[in-house]
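In case you want the letters, here they are:
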Amino acid sequence: MKLLLQELPASELAPKAVQETPAPDKDPLIAQGLQKEQYVGIVGIAIALIAAVGFFSRRVEYAIAFALFLSVILIALFIFI
């Protein structure tokens with residue numbers, strides 16, 4: 001059997017990559033144009049997490065909700081100043 005010694009054609013050895021050049025004014029690592037459904041999903045997961053934690057401990061739920069509220073306020077403050 002020649003399975004281990006069988007040679008591969010040159011086309012299968014060549015890398016198949018698409019070369020892209022990003023626009024000079026946009027950073028390719030920053031997500032652009034997230035959809036509304038993604039935002040709704042993120043908020044839904046956050047609410048579900050707070051509700052699940054609140055099921056076990058009210059104090060932890062209040063602490064997480066307070067931390068999220070304070071974070072939103074601080075982020076808005078730093079963005080608009």
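Residues numbered from 1 in each chain as written. Predicted model: local features only at pLDDT ≥ 70, side-chain atom pairs only at ≥ 80, totals over all residues. Heavy atoms only, no water.

## Comments concerning the pattern of salt bridges
Argument step 1. One pass over the structure, following the stated rule, counts one salt bridge.
Argument step 2. A salt bridge links E61 to R58; its shortest N-O distance comes to 2.6 Å. Of the two residues, E61 and R58 are both situated in helix α3 (residues 58-80); the distance of three residues between them amounts to about one turn of the helix.
Argument step 3. Classification of E61 as buried rests on a relative accessible area of 15%. (Salt bridge = Lys/Arg side-chain N within 4 Å of Asp/Glu carboxyl O. Helix = DSSP H or I, 4+ residues; strand = E, 2+ residues; numbered from the N terminus. Buried < 20%, exposed > 50% of the residue type's maximum accessible area, 1.4 Å probe, protein only.)

## Details of the packing of helix α2 (residues 36-56) against α3
Argument step 1. α3 packs onto α2 with a crossing angle of 150 degrees between their chain directions and a minimal axis gap of 6 Å. It follows that α2 is roughly antiparallel to α3 by the angle criterion. Where α2 approaches α3, its residues I50, V53, G54 and F56 are matched on the opposing element by R58, V60, E61, I64 and L68.
Argument step 2. Of the residues contributing to the contact of α2 with α3, the split by class is six nonpolar, one polar and two charged. (Axes fitted to C-alpha atoms, helices over the stretch in contact; angles between N-to-C directions. Parallel < 35°, antiparallel > 145°, perpendicular 65-115°, else oblique. Contact = heavy atoms within 4.5 Å. Nonpolar A, V, L, I, M, F, W, Y, C, P; charged D, E, K, R; others polar.)

Geometric descriptors of this kind do not, in isolation, establish any biological role.
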